Amino acid sequence: GRPDSHETINQANYTDTSEQTGFLVRGYVVPPISGPYRFWMSADDHADLFLSTNSDPELKQKIAEVVGWTDPGVYDKFQAQRSGTIILQKGKPYYIEILHKQGVAGAHLSVGWTLPDDRIERPIPGSFFAPFGSALPTSTKLDDLAEASLANNQADCSVTVNDDPLKVLVIDHSPRWDSR
(Lines give C-alpha, C1' and ligand atoms only; values in the text may rest on other atoms or scores of the structure.)
Protein backbone atom coordinates (compact mmCIF):
# COMPACT_ATOMS: atom_id res chain seq x y z
CA GLY A 1 0.00 0.00 0.00
CA ARG A 2 0.87 3.66 -0.11
CA PRO A 3 2.79 5.20 2.75
CA ASP A 4 0.86 6.59 5.70
CA SER A 5 2.74 9.87 6.06
CA HIS A 6 3.56 12.74 3.71
CA GLU A 7 6.86 14.53 3.93
CA THR A 8 8.44 17.21 1.79
CA ILE A 9 12.07 17.21 0.81
CA ASN A 10 14.30 19.67 2.61
CA GLN A 11 17.33 17.42 2.73
CA ALA A 12 18.36 14.29 0.87
CA ASN A 13 18.60 11.91 3.80
CA TYR A 14 16.95 10.95 7.08
CA THR A 15 16.98 8.28 9.76
CA ASP A 16 14.11 7.00 11.89
CA THR A 17 13.44 4.30 14.48
CA SER A 18 9.80 3.60 13.49
CA GLU A 19 8.76 0.09 12.46
CA GLN A 20 6.21 -1.08 9.88
CA THR A 21 5.73 2.41 8.46
CA GLY A 22 5.75 4.06 5.09
CA PHE A 23 6.57 7.53 3.89
CA LEU A 24 5.91 9.60 0.81
CA VAL A 25 8.71 12.12 0.39
CA ARG A 26 8.29 14.65 -2.41
CA GLY A 27 9.44 18.02 -3.62
CA TYR A 28 11.49 19.58 -6.38
CA VAL A 29 15.14 19.10 -7.20
CA VAL A 30 16.88 21.93 -9.03
CA PRO A 31 20.16 21.00 -10.80
CA PRO A 32 23.09 23.42 -10.45
CA ILE A 33 24.44 22.70 -13.96
CA SER A 34 23.03 21.32 -17.21
CA GLY A 35 23.94 17.89 -18.51
CA PRO A 36 23.72 14.17 -17.74
CA TYR A 37 22.95 13.16 -14.14
CA ARG A 38 22.76 9.77 -12.46
CA PHE A 39 20.78 9.29 -9.24
CA TRP A 40 21.64 6.81 -6.46
CA MET A 41 19.57 5.70 -3.48
CA SER A 42 20.26 3.97 -0.16
CA ALA A 43 17.41 2.81 2.10
CA ASP A 44 16.19 0.39 4.75
CA ASP A 45 13.94 -1.51 3.87
CA HIS A 46 12.41 -0.73 0.44
CA ALA A 47 12.22 2.51 -1.55
CA ASP A 48 11.22 3.70 -5.01
CA LEU A 49 12.65 6.88 -6.53
CA PHE A 50 10.59 8.79 -9.10
CA LEU A 51 11.56 11.82 -11.17
CA SER A 52 9.44 13.87 -13.55
CA THR A 53 10.60 15.35 -16.84
CA ASN A 54 9.59 18.75 -15.40
CA SER A 55 7.76 20.07 -12.32
CA ASP A 56 4.55 18.13 -13.08
CA PRO A 57 4.03 15.15 -10.72
CA GLU A 58 1.83 13.43 -13.34
CA LEU A 59 4.89 12.92 -15.58
CA LYS A 60 6.96 11.11 -12.94
CA GLN A 61 8.73 7.86 -13.83
CA LYS A 62 10.47 5.36 -11.57
CA ILE A 63 14.23 5.79 -12.04
CA ALA A 64 15.67 3.70 -9.19
CA GLU A 65 14.67 1.44 -6.31
CA VAL A 66 16.06 -0.32 -3.29
CA VAL A 67 14.66 -3.86 -3.49
CA GLY A 68 15.84 -4.88 -0.02
CA TRP A 69 17.60 -3.11 2.82
CA THR A 70 21.02 -1.47 2.60
CA ASP A 71 23.30 -0.12 5.29
CA PRO A 72 23.39 3.69 5.52
CA GLY A 73 25.54 5.20 2.78
CA VAL A 74 25.63 2.00 0.69
CA TYR A 75 24.53 2.99 -2.81
CA ASP A 76 25.70 -0.05 -4.78
CA LYS A 77 24.32 -3.18 -3.08
CA PHE A 78 21.70 -3.60 -5.84
CA GLN A 79 22.02 -2.52 -9.45
CA ALA A 80 18.50 -1.03 -9.27
CA GLN A 81 19.71 1.56 -6.72
CA ARG A 82 21.24 3.53 -9.60
CA SER A 83 19.30 5.36 -12.28
CA GLY A 84 20.24 5.52 -15.90
CA THR A 85 21.66 8.74 -17.31
CA ILE A 86 19.13 11.58 -17.15
CA ILE A 87 19.66 14.92 -18.90
CA LEU A 88 18.66 17.85 -16.67
CA GLN A 89 18.75 21.60 -17.25
CA LYS A 90 20.36 24.05 -14.81
CA GLY A 91 17.85 25.99 -12.73
CA LYS A 92 14.81 24.02 -13.92
CA PRO A 93 12.76 22.42 -11.11
CA TYR A 94 12.03 18.70 -11.48
CA TYR A 95 9.41 16.94 -9.37
CA ILE A 96 11.02 14.17 -7.30
CA GLU A 97 9.21 11.59 -5.18
CA ILE A 98 10.29 8.73 -2.94
CA LEU A 99 8.05 5.99 -1.60
CA HIS A 100 9.74 4.40 1.40
CA LYS A 101 8.54 1.30 3.27
CA GLN A 102 10.15 0.42 6.58
CA GLY A 103 9.88 -3.02 8.19
CA VAL A 104 11.64 -3.62 11.49
CA ALA A 105 14.69 -2.06 13.19
CA GLY A 106 16.07 1.36 12.28
CA ALA A 107 15.20 3.12 9.05
CA HIS A 108 17.19 5.37 6.78
CA LEU A 109 16.89 6.87 3.32
CA SER A 110 19.28 8.95 1.26
CA VAL A 111 19.49 10.03 -2.36
CA GLY A 112 22.68 11.05 -4.12
CA TRP A 113 23.66 12.02 -7.62
CA THR A 114 26.56 12.14 -10.01
CA LEU A 115 26.71 15.53 -11.70
CA PRO A 116 27.72 16.18 -15.32
CA ASP A 117 31.21 17.22 -14.16
CA ASP A 118 31.59 13.75 -12.49
CA ARG A 119 31.26 15.11 -8.94
CA ILE A 120 29.46 12.69 -6.65
CA GLU A 121 27.24 14.12 -3.93
CA ARG A 122 25.81 11.56 -1.51
CA PRO A 123 23.44 12.72 -0.19
CA ILE A 124 22.34 15.57 -2.43
CA PRO A 125 22.73 18.84 -0.48
CA GLY A 126 19.44 20.30 0.73
CA SER A 127 20.15 23.58 -1.07
CA PHE A 128 19.16 21.87 -4.34
CA PHE A 129 15.65 21.01 -3.10
CA ALA A 130 12.45 22.99 -2.79
CA PRO A 131 9.42 21.80 -0.82
CA PHE A 132 6.40 20.44 -2.66
CA GLY A 133 3.48 22.87 -2.78
CA SER A 134 5.69 25.93 -2.44
CA ALA A 135 6.29 28.44 -5.18
CA LEU A 136 8.43 26.77 -7.81
CA PRO A 137 12.07 27.81 -7.58
CA THR A 138 13.29 30.01 -10.39
CA SER A 139 16.66 30.06 -12.05
CA THR A 140 17.01 33.68 -10.86
CA LYS A 141 17.27 32.45 -7.25
CA LEU A 142 19.88 29.90 -8.28
CA ASP A 143 21.84 32.44 -10.31
CA ASP A 144 22.31 34.44 -7.11
CA LEU A 145 24.23 31.43 -5.74
CA ALA A 146 26.14 30.79 -8.96
CA GLU A 147 29.67 31.95 -9.61
CA ALA A 148 29.91 35.46 -11.02
CA SER A 149 32.46 34.32 -13.58
CA LEU A 150 33.64 30.91 -14.71
CA ALA A 151 36.67 32.48 -16.41
CA ASN A 152 38.72 32.44 -13.20
CA ASN A 153 38.38 28.67 -12.62
CA GLN A 154 41.51 27.87 -14.61
CA ALA A 155 44.66 29.60 -15.74
CA ASP A 156 47.49 28.79 -18.10
CA CYS A 157 50.98 29.06 -16.66
CA SER A 158 54.47 27.79 -17.26
CA VAL A 159 56.81 26.23 -14.72
CA THR A 160 60.58 26.38 -14.81
CA VAL A 161 62.35 23.45 -13.16
CA ASN A 162 65.73 24.24 -11.63
CA ASP A 163 68.05 21.23 -11.33
CA ASP A 164 70.46 23.02 -9.00
CA PRO A 165 70.28 21.58 -5.48
CA LEU A 166 68.96 23.92 -2.85
CA LYS A 167 71.31 24.49 0.09
CA VAL A 168 69.79 25.39 3.43
CA LEU A 169 71.46 25.82 6.79
CA VAL A 170 69.20 24.91 9.71
CA ILE A 171 70.31 26.07 13.12
CA ASP A 172 68.37 24.53 15.97
CA HIS A 173 68.91 23.73 19.64
CA SER A 174 69.29 19.99 19.10
CA PRO A 175 69.33 17.86 15.95
CA ARG A 176 66.09 16.12 15.03
CA TRP A 177 65.29 13.61 12.35
CA ASP A 178 63.27 16.12 10.27
CA SER A 179 66.21 18.58 10.05
CA ARG A 180 68.99 16.19 9.04
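Conventions adopted
- Residues numbered from 1 in each chain as written.
- Predicted model: local features only at pLDDT ≥ 70, side-chain atom pairs only at ≥ 80, totals over all residues.
- Heavy atoms only, no water.
- Core = buried A, V, L, I, M, F, W, Y, C linked by side-chain atoms within 4.5 Å.
- Buried < 20%, exposed > 50% of the residue type's maximum accessible area, 1.4 Å probe, protein only.
- Helix = DSSP H or I, 4+ residues; strand = E, 2+ residues; numbered from the N terminus.
- Salt bridge = Lys/Arg side-chain N within 4 Å of Asp/Glu carboxyl O.
- pLDDT = per-residue confidence, 0-100.
- Contact = heavy atoms within 4.5 Å.
- Pairing = 2+ DSSP bridges.

A.B. asks: Tell me about the nonpolar core, and please be specific about residues and values.
C.D. replies: Of all hydrophobic cores here, the largest spans 25 residues; its most connected members are F39, M41, L49, L51, I98 and W113. Mapped by element, the contributors of at least two residues to this core are β3 (21–29), β4 (35–44), β5 (46–51), β6 (61–66), β7 (86–88), β8 (94–102) and β9 (107–114). With four residues, β4 is the largest single contributor of residues to this core.

A.B. asks: Give me the lowdown on the pattern of salt bridges, citing residues and values where you can.
C.D. replies: In this structure the tally under the stated criterion is five salt bridges. K62 is the partner of E65 in a salt bridge, and the nearest nitrogen-oxygen pair spans 3.5 Å. Of the residues examined, E65 reaches a relative accessible area of 21% and is grouped as partly exposed. We classify K62 as partly exposed; its relative accessible area is 45%. A salt bridge links D117 to R119; the nearest nitrogen and oxygen atoms lie 2.9 Å apart. A single network of salt bridges, built from pairs that share partners, joins D48, K62 and E65.

A.B. asks: Now, about the confidence of the model for the chain: what can you tell me, with residues and values included?
C.D. replies: When pLDDT is averaged along the chain, the result is 79; 73% of the residues meet or exceed 70. β7 holds the highest mean pLDDT among the elements of the chain, 97, whereas strand β1 (residues 6–8) holds the lowest, 47. Note on residues 1–8: pLDDT under 50 across the span, and 23 contacts to partners over four residues away in sequence or across chains.

A.B. asks: Mind laying out the pairing of β9, listing which residues take part and the relevant values?
C.D. replies: Most of β9 sits inside the fold, with eight of its eight residues counted as buried. Burial along β9 is two-sided: A107, L109, V111 and W113 and H108, S110, G112 and T114, pointing in opposite directions, are all buried. The sheet contact formed by β4 and β9 spans seven bridges and is antiparallel. Residue pairing in the sheet places D44 in a bridge with H108 of β9. Here β9 pairs with strand β10 (residues 120–121) via two bridges, running antiparallel. Residue T114 lies in a different strand from β10, and its bridge partner there is I120. Following β9, the chain reverses through five residues before pairing antiparallel with β10; D118 in that reversal takes a positive phi of roughly 70 degrees.

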